[in-house]
Structures are given as C-alpha cells and as structure tokens.
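Fold and contact review
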Protein chains: 2
Amino acid sequence: MRIYSWNVNGIRSVAKKDCLPWAILPGAEVICLQETKAQPQQIPDLTDPEGWHGAWHSAKKPGYSSVAILSRDKPDEVVPGLGHDDFDVEGRVLAARFGTLVVITAYFPNSQELGKRLDYKLAFCAHLEGYLAAWRAKGCQVVLLGDYNIAHRPIDLARPKENEKNAGYLPGERAWMDRYLGLGYRDVFRERNPELAGAYTWWTNWGGARQRNIGWRIDYATVSPDLVSRVQDAAIHPMVMGSDHCPVSIDLG
Amino acid sequence: MRIYSWNVNGIRSVAKKDCLPWAILPGAEVICLQETKAQPQQIPDLTDPEGWHGAWHSAKKPGYSSVAILSRDKPDEVVPGLGHDDFDVEGRVLAARFGTLVVITAYFPNSQELGKRLDYKLAFCAHLEGYLAAWRAKGCQVVLLGDYNIAHRPIDLARPKENEKNAGYLPGERAWMDRYLGLGYRDVFRERNPELAGAYTWWTNWGGARQRNIGWRIDYATVSPDLVSRVQDAAIHPMVMGSDHCPVSIDLG
DNA sequence: CATTAGAAG
DNA sequence: CTTCAAATG
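Quick look at the structure, then. (Residues numbered from 1 in each chain as written. Chains lettered and ligands numbered in written order. Predicted model: local features only at pLDDT ≥ 70, side-chain atom pairs only at ≥ 80, totals over all residues. Heavy atoms only, no water.)

**Let's talk about the side chain of A:T47**
Residues and elements named next belong to chain A. Considering the arrangement of structural elements, one finds T47 in the loop between β2 (30–34) and β3 (53–57). Judged by relative accessible area, T47 falls into the buried class, the value being 13%. Once you skip the residues sitting within four places of it in the chain, T47 turns out to touch P40, G54, W56 and L70. (Helix = DSSP H or I, 4+ residues; strand = E, 2+ residues; numbered from the N terminus. Buried < 20%, exposed > 50% of the residue type's maximum accessible area, 1.4 Å probe, protein only. Contact = heavy atoms within 4.5 Å.)

**Re the protein's contact with DNA strand C**
Every one of the 18 residues lining DNA strand C counts as a neighbour, but A:Y64, A:Q112, B:Q42, B:N205 and B:W206 are closest to it. The share of sugar and phosphate among atoms of DNA strand C within 4 Å of the protein is 83%. In this structure, a phosphate oxygen belonging to DNA strand C sits 2.9 Å away from a side-chain N or O atom of A:Y64. Contact between DNA strand C and B:Q42: a phosphate oxygen at 2.8 Å from a side-chain N or O atom of the residue. Taken together, the residues that form the surface near DNA strand C break down as 4 nonpolar, 8 polar and 6 charged. (Near = heavy atom within 4 Å. Polar contact = N/O pair within 3.5 Å; in protein donor to acceptor, adjacent residues only side chain to side chain. Nonpolar A, V, L, I, M, F, W, Y, C, P; charged D, E, K, R; others polar.)

**Some details on the sheet that holds strand β9 (residues 186–187) of chain A**
All names here are of chain A. Sheet architecture is open: 6 strands sit in the order β5-β6-β7-β8-β12-β9, paired in mixed fashion. A strand with exactly one partner marks an edge of an open sheet, and here the two such strands are β5 (77–80) and β9. With 7 bridges joining them, strand β7 (residues 101–107) and strand β8 (residues 141–147) adopt parallel strand pairing. Note that in β8 the partner of V103 across the bridge is V143. Each of β5, β6 (93–98), β7 and β8 touches helix α4 (residues 118–137); the most contacted strand, β7, lies at about 170° to it. (Pairing = 2+ DSSP bridges. Axes fitted to C-alpha atoms, helices over the stretch in contact; angles between N-to-C directions.)

Nothing here speaks to function; it is all geometry.
Pasting the structure below:
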C-alpha cells in the first residue's frame, strides 16, 4: 500500500489550483495532509471525496494548521489529537488504524523567528514520543508521516551553514531528530539514499528558490523498527506542484 | 476645466488593473479620488505621477479610507481635513484652491448596517456644512466632489423600496441631502437630467449587479450657487471600470 | 463580492 | 512570497 504525506498549505488553495491530492497523487491508498487550514464545516465539498474515507482534525482557530487522513479503506479506528489540550487545539496530530498498522500524521510546530516557539515545539516532540510508544504498547506498527519542520542534517538543506540559527535547523530541533531515530524509528528515505543531496520537500516562495532547488527536507515518513522489512519504497515527489511543500510517500508490502 | 471624482476602492487595486485615473480619464485637469486606501509612504510610485501635482490625505489606520487630489496645475493652497480630529484621522476631506475656486473632495462615512454609524455620519455632514461656509466666507467658489454615500431620491437607486432601511438611503441621510441642497448647493447633474433613471455611480459586486445596472447614485459633484453659471457639463462615466464605483465629472468654463 | 492588513509560515 | 481571517465597504 502506498501512503502519501503532503503539506498542502491550504486545502482550499490547492483545490482552486486543481491540485487536489486525491486527484493527482498516483496510486494513493492513504493520504496524510498537513496545513489544510480549514475546519470541516468550511469545506463540506472536500471532506469526503467520492471513493475515499476522510478523517479531519482541525485547529480551534479558523484557517490555522489542521491535518487530515484520506484513505480508500475505512480505518478501523480514528484518533484525533495527542491527548493533550495544549497541542490538540492546534489540530496537529491524527491517527488512523488499519488492523495493527497505525498511520499517524503530524504537523510539528514551527519554532519561529528567534526560536520563540522552540519550547512549545520540543514539548510537542516529547509528548509525541510517549504517544507513539502507547500505540506500540498496544501492539501496533507505527508509520509517522508529516511535516516535522526539522531538517535533520546538513545534507537535508541547501544552505546548512546560513541556517544554523533559523527555525527548522536549530540545534535543539536537530538533537530531537537524533533522539527520535535513536529510539529506533527509521528515516527510510535517508537510509536508502544516504548520500543523495538536493532531495528536498520544501522551498521558500521567495526568489525562485524551488526553481533553483534551494530547499529543505522537513517532511518525512518514518516507521517503527518492526515495519522496516515491509517498506518497499520511500520517495519524495518534487515535481508535484500546488504547495510550497512537495509530497513524500512510503510503500508498504 | 474638467474635474473628475472617482472612488477607486484602493488605488493599488486600480494600478494593478492598469486603470490609473490619470492614465484613463480623458481630458482631466483635476482628479479627486476617494478610498485610495493607502498612506503616501506605501505608494511612493503613485503619489506624484509625471505631469501632475498630487495632494494626499490619508487615514491614520493603514489601508483605510483616504482621499487625494491630482491636478495638472499646482494648487495655490492645499488643506487636508475638516479641522476636526474625529473625522480627520479617517482621511475623508481634502481641499485644493486654485485662485478663488476651491475643489473639495469628500469621502462621507458609510452609515453601516443598522445605522451603527449614522450619528457619526450626520455629525460629519454638519461639520462639513460649516467647513464649506468658511470657504465661501473667504470669497471662494466651492465645488464638492466625492462619494457622499447617500442616494438622495428614489430615482437615484434601482431598488428604493427595498433599501429604505439600508445604509446610504436612510431617512436621516436623505434629509441631510435635502438640507444641503436647501442651503443653495446645486446637484447640477440631476438638475440637468431630472427624469433620467438608471444613472448610477456604484453597484455592489454581488450577482452581476453592474451588468444588470442595479445601482445607486451616491457620488456627486455639487457646486455653490455662484458657480452654476460656469458649469458646462456634469456627467457620470459608467463605462469606466476598475472599481465598484464609476467616475463622475463636472466641466467648468 | 472585493480590498487591505495582519498573523503565520 | 503565500495562505487565511477579519474589518470594512
């Protein structure tokens, strides 16, 4: 099964551009979306596309953040939120369980200018660890797809040196990625393409950055150790337009 | 001399549409603008078009209200505001004197849903009377061009009955127009076209109202009595696009 | 329905 | 540079 993840930067924006994920992502069986920037009642025509099951978890504040999981099969269970109000009011985490496989999408907080929100982000990361562990304790295999808002290593962004003090590449964020992978979760894309430079999933809108491929890899699909053997492919899709992010995907056998 | 008045609904908006007033209004010698929605420092390229003298009076709040007068001849005097802070912070009145002729532009307040701001508007009107009288006391002839935000009589809007409780056609507003003309100021366009229906200067953006000419005449060029004999023409220009209002003009011999 | 500003990314 | 919301018309 092919699972996609895409930060669409506004589902209504991609709709207007005729780039709806379920219409343009080939072979998708599950689609995780971040930054849909809408509450379900604002987008009645988009919540349940023909042939899909839609699960939506949105921020309290209209037009902010929000995530969704669309799947061809109806999930056995859908769980919105991390179970902690500080984060759940921002609509950042959503899980859909299919048997013992749980597909989790996350839109990690941006740590912001001067790291103004770094503490919030790291607290989110800490709670996420426990949350994932709880799924695993229940006997589930976990795949976590989304916008982590972190470039892990120098190879994961075009201008590492220049960005050492910028949100998304702060030492504290990168250290959390180390920690997370240290827990056994696997960044399969990077494992299979250890030296591949220029593999990015986000580009600023300014100055033709995408055209010139001045980007960052901040969207990931990571899996729990017990899932690695099932991974047939892990890819990024930089030609898919419609957002400032591109989709990533993982194929499970 | 031909004097135009146009509520442009954002000078930056008409610029983007290549509808800049000084580029498209034929034979203009003076142009009064309302709802420019910009402070001069936000639009350095627009404040002093080649071949024109620009005078701008803007609201304190960025992007709100604001008026301007562009003229081929340099005014002998430019006076921003009504001399009353309650109104002048909203950038609604501007005068340019050429000899003893004073061209005044005004963007009257909208009385808003349920007449929420009717009192403010009528206070504005009251102060305006005194302001105009002061110019006349100095020996000036007065022409007042702008968006009065009032349809005076049933003939001045397509749906009078339906709008009797709506901003722009409230009894209090219409009564002020009666009063104002009772002071001797002359609505030359209507005097010369007493029965002309369908002569509107504003149409809502909804539902093809302009296409169907479901509009209101709320923009006027009125003159003090001593100027009537110099009026060669008074017109509206409903084919000029770029705003939800169209320009009006008056020609003085 | 349209413009602008402001928050956020 | 882009999205969305809110205010205002």
